[in-house]
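# Observations on the model geometry
Below are the chains, spelled out letter by letter.
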Amino acid sequence: MEGTFCVQGIGSRPRLHVSADGVGVVGHAGARLLADITDATGLASAYSTALRPLRPRGTGHDPGRIATDLAVMLADGGGTIADLVVLRDQGEVFGPVASTPTTWRLLAAVDERVLDRLRSARAQAREVAWLQASETRCGIPAAKAGGRELPGLVLDIDATLITCHSEKDQAAPTYKGGFGFHPLLCFLANTGEAMSGRLRPGNAGANTAADHIAVLDDALAQIPDAHRHGTDILVRTDSAGSAKLFLAHVRALRARGIRTSFSVGYAVTEPVRRAIRALPEQVWHPALDQDGTLRESAEVAELTGMTDLAGYPADTRVIVRRERPHPGAQLSLFDQDEGLRHQVFLTDTPFTSGSAQFLEVRHRGHATVEDRIRCGKTTGFGRFPSRRFDVNAAWLELSLAAIDLLAWTRVLLLDGELATAEPKKLRYRILHVAARITRGGRRLRLRISATWPWRHELAAAFHRLAALPRPAD
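Now for a description of the structure that goes with this document. (Residues numbered from 1 in each chain as written. Predicted model: local features only at pLDDT ≥ 70, side-chain atom pairs only at ≥ 80, totals over all residues. Heavy atoms only, no water.)

Turning our eyes to something else, we now look at the packing of aromatic side chains. All told, the structure shown has 4 aromatic pairs when counted by the stated rule. For the pair Y266 and Y312, a centre-to-centre distance of 6.0 Å together with 80° between the ring planes defines the contact as edge-to-face. With a gap of 46 residues between them, Y266 in strand β13 (residues 259-266) and Y312 in the loop between β15 (294-302) and β16 (317-323) connect regions that are remote in the sequence. Among the aromatic residues, those joined into a ring-pair cluster are F181, F384 and F389. (Phe/Tyr/Trp six-rings, centres within 6.5 Å; stacked < 30°, edge-to-face > 60°. Helix = DSSP H or I, 4+ residues; strand = E, 2+ residues; numbered from the N terminus.)

Shown next as structure tokens:
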């Protein structure tokens, strides 16, 4: 029921009279940054080209524009297709947006071949975004560990569980007793970009080498040629990525001119336990924190040569860290017996390129992928919309595009703490701001409130966006 309502002031708050008849006001005005960056990087046009076969009569909404709007909506924090209404009902800012049924029809038409074209389109846009970063900023930032910048690029691969509360195609019981999907994902530690992801049944193996190879190859295909060849690329995973076949693939990539190396977790088996017990105390050295300072109650030692690594790539090193466990930590019987928690990893970084202390803190940086996944679950892939597996696979791909839009916004348009902010902070401060629409001098103006705390940062981002060099048509 419409009407005017009076809200009683509480304490020093002023009395408000609330009505639903405002005009010229828009919400989520900052999300226009996301929409415009799809144009600036060429993602919108690349999507249009990739999805052109799904528009045989050339009428109705452009399928590429529908996919772009979905990615923008997910980056803005929407969780269902129906959330497109936020963009649709603010046409003055976002233009025409497809209806929910039209959007469903597009997702239903995406098969594996179309999915490959969407991935290629995203790679094209990434190449433009990275060129823009080189021309207008300092390029792609370096990942860091132990107070030092890491050379080249760092890819983090990890799996996660997505719970389904209804029957969906290929959803299955998980190893934790739940029910749903078990996607495998790859993020770029340098920027937080979502390089690749594969939707898998809930009972998919965590350490399946074939899946790790597929996700890594998809991620490498996303890296622009100028960076994929001639740049050091470190691949980090937990112990699920220690399969011999996967590590052999990482090493074999070098024959194709891709300078890959690995740092992967390794199971603490009985032979490893015996080797740890045999280590003399003098070979243990203090571990490092991420800022390069010494880590309290943690030590690192080299296990190379003390365990059998038959079948692993030549020159693979084994490094162990022991640490006093925090209260409530789950410990193995071995750890309980020793009174310390032990973690082991493998790397093929040579002795001349890094001490065990530095390589251990570098490997521990892989834990940031858990933050990437947590944020990704609020950017689309925490909930899948359909009973059909192929629709959900398309949804995952658009979720990865949404994560990329947020990453490009940070790298290309923002400074200070906003340049490293998680999606929740970006949405609260920048994307969900309200503004007024005014017209004058043949211009449509978006007027941000003069009292909004981050008005200058948002205005500066729009100015930087307008100044970005654009891809040639």
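Structure's up, so let's keep going.
Turning our eyes to something else, we now look at the pairing of strand β14 (residues 285-288). Pairing geometry for β14 and β15, over 3 bridges, is antiparallel. From the neighbouring strand, H285 faces β15, where its bridge partner is V300. Hairpin connection, β14 to β15: the antiparallel pair is bridged by 5 residues, and G292 has positive phi, about 95°. (Pairing = 2+ DSSP bridges.)

Now for the nonpolar core. Among the nonpolar cores identified, the biggest contains 119 residues, and L155, L216, F246, L346 and F381 are the most heavily contacted of them. The leading source of residues in this core is helix α15 (residues 389-413), at 17 residues. If near-sequence neighbours (up to four positions away) are discounted, F246 is found in contact with I157, A209, H212, I213, L216, V235, T237 and G241. (Core = buried A, V, L, I, M, F, W, Y, C linked by side-chain atoms within 4.5 Å. Buried < 20%, exposed > 50% of the residue type's maximum accessible area, 1.4 Å probe, protein only. Contact = heavy atoms within 4.5 Å.)

With 8 of 9 residues buried, helix α13 (residues 356-364) is to be regarded as a mostly interior element. Of the positions making up α13, those classed as buried are A356, F358, L359, E360, V361, R362, H363 and R364.

This part covers the packing of helix α1 (residues 32-40) against helix α17 (residues 455-467). Packing of α1 against α17 brings their axes to within 11 Å, and their N-to-C directions diverge by 15°. Put simply, α1 runs roughly parallel to α17. Handedness of the α1/α17 crossing: left-handed. Here R32, L33, D36, I37 and A40 of α1 come into contact with α17, specifically with L458, A461, F462 and L465. (Axes fitted to C-alpha atoms, helices over the stretch in contact; angles between N-to-C directions. Parallel < 35°, antiparallel > 145°, perpendicular 65-115°, else oblique. Left-handed = near helix turned anticlockwise from the far one by under 90°.)

A few words on the side chain of R317. Within the secondary structure, R317 sits in strand β16. Among the residues examined, R317 registers a relative accessible area of 2% and is labelled buried. Within the structure, the side chain of R317 is placed 2.8 Å from the side chain of E302, a separation counted as a polar contact. Here T349 takes part through its backbone oxygen, which lies 3.1 Å from a polar atom of the side chain of R317. With residues near it in sequence (within four places) discarded, R317 still touches E302, T304, F345, L346, T347, T349, P350, F351, G354, S355, A356 and L359. (Polar contact = N/O pair within 3.5 Å; in protein donor to acceptor, adjacent residues only side chain to side chain.)

What follows covers the side chain of D348. On the secondary structure map, D348 appears in the loop between β17 (341-347) and α13. There is a polar contact of 3.4 Å between the side chain of D348 and the side chain of R251. Every residue in contact with D348, bar those within four places of it in the chain, is listed here: R251, R254, T260, S261, F262 and D315.

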